[in-house]
Amino acid sequence: MCSFANGSAEFAVKVFSLVATFLVARALTITAHEVSHFATARFLGWHDSSISLPFLSLGHPQTKVPGLNPARAQASIVRHAGWCFSLALALFVCTTCSSPTAFAATLTALDALSSDFFGAHPDGYATAAPSGSVFFCGNFGVLLLNGLKGAKVLELLRQMLRVTMVRGAQSAGLVTYKPRNGSSVGVRSRVVNGKRTDLSHLLLRKFKSALGGSAVNSTNTSPQLFQGHTRFATSSICNLSGCHPHQWTPPQRLMHWQWGKAEARYVGAVRNVEGYITHNGDLDFFSVNGSTLPLPQLQGMLSRVLGQPMPSDVDSVCIAGLLDLLRTKGLWGPSVRYAFVFSALKPSGVNKLAAELASLKKILDAVAQAFEEQWAQLLMSPPTDVESGEGPITDEASAVARLSSLMEKRMLELVVKRASLTPLVESLEALLPPVSNDRGVPEVAHRNLVVGAVQAFFHQDLLKAGFDLMKGSMGSFGLVLSHSLDADKEAVFAARGQTMSVAFYPSAGFVMFGSESAATKVGLGLSEEESAGSFRFDLDDVVGEVLLLRWGENEADVESRRLAASRGTSASGRDADTKLAEIFRYGQDSSFVLSGANFLENNWHHPLQSRKLQLAGNPLVDPLPEITVADPIGRDILELPDLLRAIKEDFADPSHESLNRITAWTFTNKLRQRLLKRQRGEADDSIDLLIIGCEVSLWVGEQFAADMRLVFPKLKILALSSNKLLGQ
């Protein structure tokens, strides 16, 4: 009995030892395999490479090389380095180590050959992005310029949502801004759809309730923006937190400064500060001071710098966080924060933000308070002190030029001389460039912090935020940006790799925008008089384009901006004022101007007016069909038998040239050719079958690709977004 027990114990120990040895060896050989990819990428100059080894979560280990096009030769070198190293390691281990270790090394080598050489991956590994980062969705919305037409807004939004729902109808949201206590306050509603419920009715009912029963106050004739989004989550849970419009930082009351035209000086008031984004596409990486941050690091950095926890794990919410970080004009606190991250911070400090300086927000707030104090003193100075040597301050442009210079001078002197402030900035030394003077103060970093904060205070507006966001981001974007401080005068739209259209209805006083261009045709359902003269712009989503729309100014204001810009005295930090062009006039006696400025990412000039697509009266543009079905899903189910019967009859009838039959014959013939090349050993490393699609059609294509891989395991099959293909 004892002998049997002892034998069983020894056997159990031996088995445990073998299993433990195998698991450790397996983890080490996988790590070595990924390190070989990583080292090769770094050697070739891709210094932003990173390794993911999610052993505990049972995920797939991988090496990420941001910006490396898979079609480039360097990508092949990085890929093949992994299997070559793992195979060599397995041969060495098999001749020198025990069986469990040798088996682990051999298994890793086989995995490497399968993934790196033959291109086979576990399901989802080759194309899957982190959870929550791949969404099929669409923007839609209305800019109401004529408040007297406000009664029609909700119905227009409902129709636009019904059209945009073809991109996915799992959830949707809307936001607008309402005046309250001298500020604009965001009113947002979001809903998750049921299996057989109508998303448009769910959202508009909740939105109307949030607005108190009507979209627009009947006595309010001011313009109003309505920004919406519908979402289809393919790799994450569909829930309310992942639903757009997104906001990272909750509304807060901050001192905001702006040029008072009537007062001819800067005036300050405590206002509500909040921003919203709607985004169609995906955000993969964002660059800060030469460091390219993948999504997890970007989430950590934003949480630390903004002082707010991440409100959702979806990628689009990071764009909302970046808007909070980048839109700082008239706000000293956010301007100091912006300058710290983008002007003063050394590259290595970016990666430390998630782990160091728990009191970072407290330190930056203290520095910002010093700026506030100096700014208040400067505005209270005698006019002669402020204007000496520079001439009188007559407008915003001259005020910016003079006051920015004085603020920089004051704050630089304060940093060096004021003992109570210097230790605060010295606390940031771990994240700022090296010390450079005998006081132990990083002088260059201090100068960058001060100058950067002052410039951000005067110039980092919504348009500049949009520029910086697009410039630093890698991914695809159909994007709408809005902010409470700008809700009464402007909004920014952007497109790269995702579509975005903006339609104008001058007679009705509406602007309609959306990812689905058909949604912008909703206005054609208005009366003939209201839709007369309508036209549309489609942003360039291949090159990449940013569009600013500005309203609430009269002709004299627009002309004054243009003249100041032509003389080089514009208050704008960009050349937006030189490109602002009138789109149409609105309001009583047509006294107000809606203007726009567009910017292509390759810096080419392609004016909006040269790209107008006429809508009303265009024989090539059909109005939208009337959508009145109460249960569209039920209707689709009822139509399925007739559709399937028609498809079957089309394939079965050889008497006519069916496009289905021709397509099927061509497709199978091409597959046969690729299979024969593989069989003869003539195939190269190229893709045998590329399936492309957009939004929902891409999801269908991915399912088809998965089925084809099961049927033809020897073929290299890839499903890819058509937008990303166009962007290559």
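Presented here is an overview of the structure given in this document.

What counts as what
- Residues numbered from 1 in each chain as written.
- Predicted model: local features only at pLDDT ≥ 70, side-chain atom pairs only at ≥ 80, totals over all residues.
- Heavy atoms only, no water.
- Helix = DSSP H or I, 4+ residues; strand = E, 2+ residues; numbered from the N terminus.
- Buried < 20%, exposed > 50% of the residue type's maximum accessible area, 1.4 Å probe, protein only.
- Contact = heavy atoms within 4.5 Å.
- Areas by Shrake-Rupley, 256 points an atom, 1.4 Å probe, with all protein chains shown as cover.
- Axes fitted to C-alpha atoms, helices over the stretch in contact; angles between N-to-C directions.
- Parallel < 35°, antiparallel > 145°, perpendicular 65-115°, else oblique.
- Left-handed = near helix turned anticlockwise from the far one by under 90°.
- Salt bridge = Lys/Arg side-chain N within 4 Å of Asp/Glu carboxyl O.
- Pairing = 2+ DSSP bridges.

Scanning the chain for helices and strands turns up 22 helices and 21 strands. Looking at the chain as a whole, 46% of its 728 residues qualify as buried. Counted over contacts in the chain with a minimum sequence separation of 6, partners at least 24 positions apart contribute 70%. Counting every atom, the chain has about 34,500 Å² of accessible surface; 58% of that belongs to carbon and sulfur.

Contact geometry for helix 6 (residues 295-306) and helix 7 (residues 316-326): axes closest at 10 Å, N-to-C directions at 40°. Looking at the two axes, helix 6 sits oblique to helix 7. Between helix 6 and helix 7 lies a crossing whose hand is left-handed. Counted together, Leu 295, Leu 298, Gln 299, Leu 302, Val 305 and Leu 306 of helix 6 and Cys 318, Gly 321, Leu 322, Asp 324 and Leu 325 of helix 7 form the full contact between these two elements.

Applying the stated rule across the entire model yields 18 salt bridges. Notably, a salt bridge pairs Arg 158 with Glu 155, separated by 2.7 Å at the nearest N-O pair. Highlighted residues: Arg 158 and Glu 155, both in helix 4 (residues 153-164), separated by three residues, approximately one helical turn. In this structure, Lys 489 engages Asp 486 in a salt bridge whose closest nitrogen and oxygen atoms are separated by 3.7 Å. With relative accessibility at 2%, the residue Asp 486 sits in the buried group. Taken together, the shared-partner salt bridges connect Arg 327, Asp 486, Asp 488 and Lys 489 into one network.

The next subject is the pairing of strand 4 (residues 171-180). Most of strand 4 sits out of view: eight of its ten residues are buried. For strand 4 and strand 5 (residues 183-192), the ladder comprises ten bridges, and the chain directions are antiparallel. Following the sheet pairing, Lys 178 is matched in strand 5 by Val 185. Linking strand 4 to strand 5, which pair antiparallel, is a turn of two residues; within it Asn 181 sits at a positive phi near 55°.

With antiparallel pairing, the seven strands of this open sheet are ordered in space as 10-9-11-12-16-18-17. In the strand order of this sheet, the two ends are held by strand 10 (291-294) and strand 17 (581-586), each with one partner. Each adjacent strand pair in this sheet contributes to an overall mean axis angle of 30°, direction not counted. In terms of strand pairing, strand 17 meets strand 18 (residues 592-600) through five bridges, oriented antiparallel. Bridged to Arg 585 within strand 18 is Val 593. Of the strands in this sheet, strand 9 (275-288) and strand 10 are in contact with helix 6, which crosses strand 10 at around 100°. Most of the contacts of helix 7 go to strand 9, to which it runs at about 90°, and overall it touches strand 9 and strand 11 (473-483).

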